[in-house]
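Summary of the model geometry
One-letter residues, chain by chain:
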Amino acid sequence: MTGLGAVFRPQLPPERLRALARLADETGLEELWLWEDCFREGGISTAAAALAWTERVRVGVGLLPVPLRNVAITAMEAATLHRMFPGRAVLGVGHGVQDWMGQVGARAESPLTLLREHLDALRALLRGERLSTRGRYVTLDDVGLDWPPAEPAEVLTGATGPRTLRLSGEAADGTVLTAGTPPEGVRRARRLIEEGRQAAGRTDPHRVVVYLLTATGPDAAARLRAGLADEGHADVPDLGVAGDADAVAKAVQRLADAGADTVVLQPTADEPDPEGFVRFTAREVRPLVG
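Now for a quick tour of the structure. (Residues numbered from 1 in each chain as written. Predicted model: local features only at pLDDT ≥ 70, side-chain atom pairs only at ≥ 80, totals over all residues. Heavy atoms only, no water.)

This paragraph deals with the packing of aromatic side chains. Taken as a whole and assessed by the stated rule, the structure comprises two aromatic pairs. Look at Trp33 and Tyr211: their rings are 6.2 Å apart centre to centre, the planes differ by 85°, and that puts the pair in the edge-to-face class. Separated by 178 residues along the polypeptide, Trp33 in strand β2 (residues 31-34) and Tyr211 in strand β9 (residues 207-215) bring together distant segments of the chain. Side by side, Trp33 and Tyr211 carry an identical accessibility label, which is buried. A ring pair is formed by Trp35 and Tyr211, whose centres lie 5.8 Å apart and whose planes are at 70°; its orientation type is edge-to-face. Of the two residues, Trp35 sits in the loop between β2 and α2 (43-53) while Tyr211 sits in strand β9, which places them 176 residues apart along the sequence. Of the two residues, Trp35 and Tyr211, both sit in the buried class. In textbook terms, an aromatic cluster arises when at least three aromatic residues are bridged by ring pairs, as seen for Trp33, Trp35 and Tyr211. (Phe/Tyr/Trp six-rings, centres within 6.5 Å; stacked < 30°, edge-to-face > 60°. Helix = DSSP H or I, 4+ residues; strand = E, 2+ residues; numbered from the N terminus. Buried < 20%, exposed > 50% of the residue type's maximum accessible area, 1.4 Å probe, protein only.)

Rendered as structure tokens:
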């Protein structure tokens, strides 16, 4: 069955998260996704709060920018969430928006090298390994977690370009694709991910999560057009969806048919009713998605 989730966009103030997280839990939503967009809300702090306020919904962070984080801190925080809320935290890491990284003096000369080193070290630490490594960006001297996750903890990475998609196949447990990814883009991403997996000799599962820009209710089509234009995707065919639950479910299915394991509905930045959007996702769209 295709997984289904919804995004709490960081354009909303953080004090709105408690009510939306509880609503997601009560309505049976499978996954609530959060973003660490500069300079809005922290990914780990919001994830911890959302998990503490709820009982069953999985909470994803897509994604934590690796230039901002020492890998040991990422591992410590990830392990803590996995220990306190077993099976409910989903963490993704990635390059981050390069302009934002430049604003804070953290832009890497080789983002791909940094991401590879971070992924390799992070996954090793979360497996409970004690690690010494000296890379271009990641240096650890006999570092191990006192409290690694009790169960295997997946690490996803955000990816768009071919090299990062191949790297995700090699070094991550799953991939997060942006809402700028149409069904054909999902198929392309799957092919590139598989190239990386084959190069690394991996046969374990690899989850692909795709955001779907979604508008429903009054002025849905106009809000979708404006949202696509704001993100520079106005001319991309077969992208986003506006309409009722049936229309949204069909768009979800197209992404699933292309290779998505989980589709996360992303409301427009001007969504007038975030609580209604969560209810719509869980109660109207979910029953129509296979």
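Additional details are given in the paragraphs that follow.
Moving on to the side chain of Asp25. Take Asp25: it is sitting in helix α1 (residues 17-27). The buried category is assigned to Asp25, whose relative accessible area is 14%. At 2.8 Å, the side chain of Asp25 forms a polar contact with the backbone nitrogen of Val57. Apart from residues no more than four positions distant in its own chain, Asp25 is found in contact with Thr54, Glu55, Arg56 and Val57. (Polar contact = N/O pair within 3.5 Å; in protein donor to acceptor, adjacent residues only side chain to side chain. Contact = heavy atoms within 4.5 Å.)

Mapping Thr157 onto the fold places it in strand β7 (residues 155-158). Ignoring sequence-local partners within four residues, the contact set of Thr157 consists of Val93, Gly94, Leu115, Leu119, Ser168, Ala172, Gly174, Thr175 and Val176.

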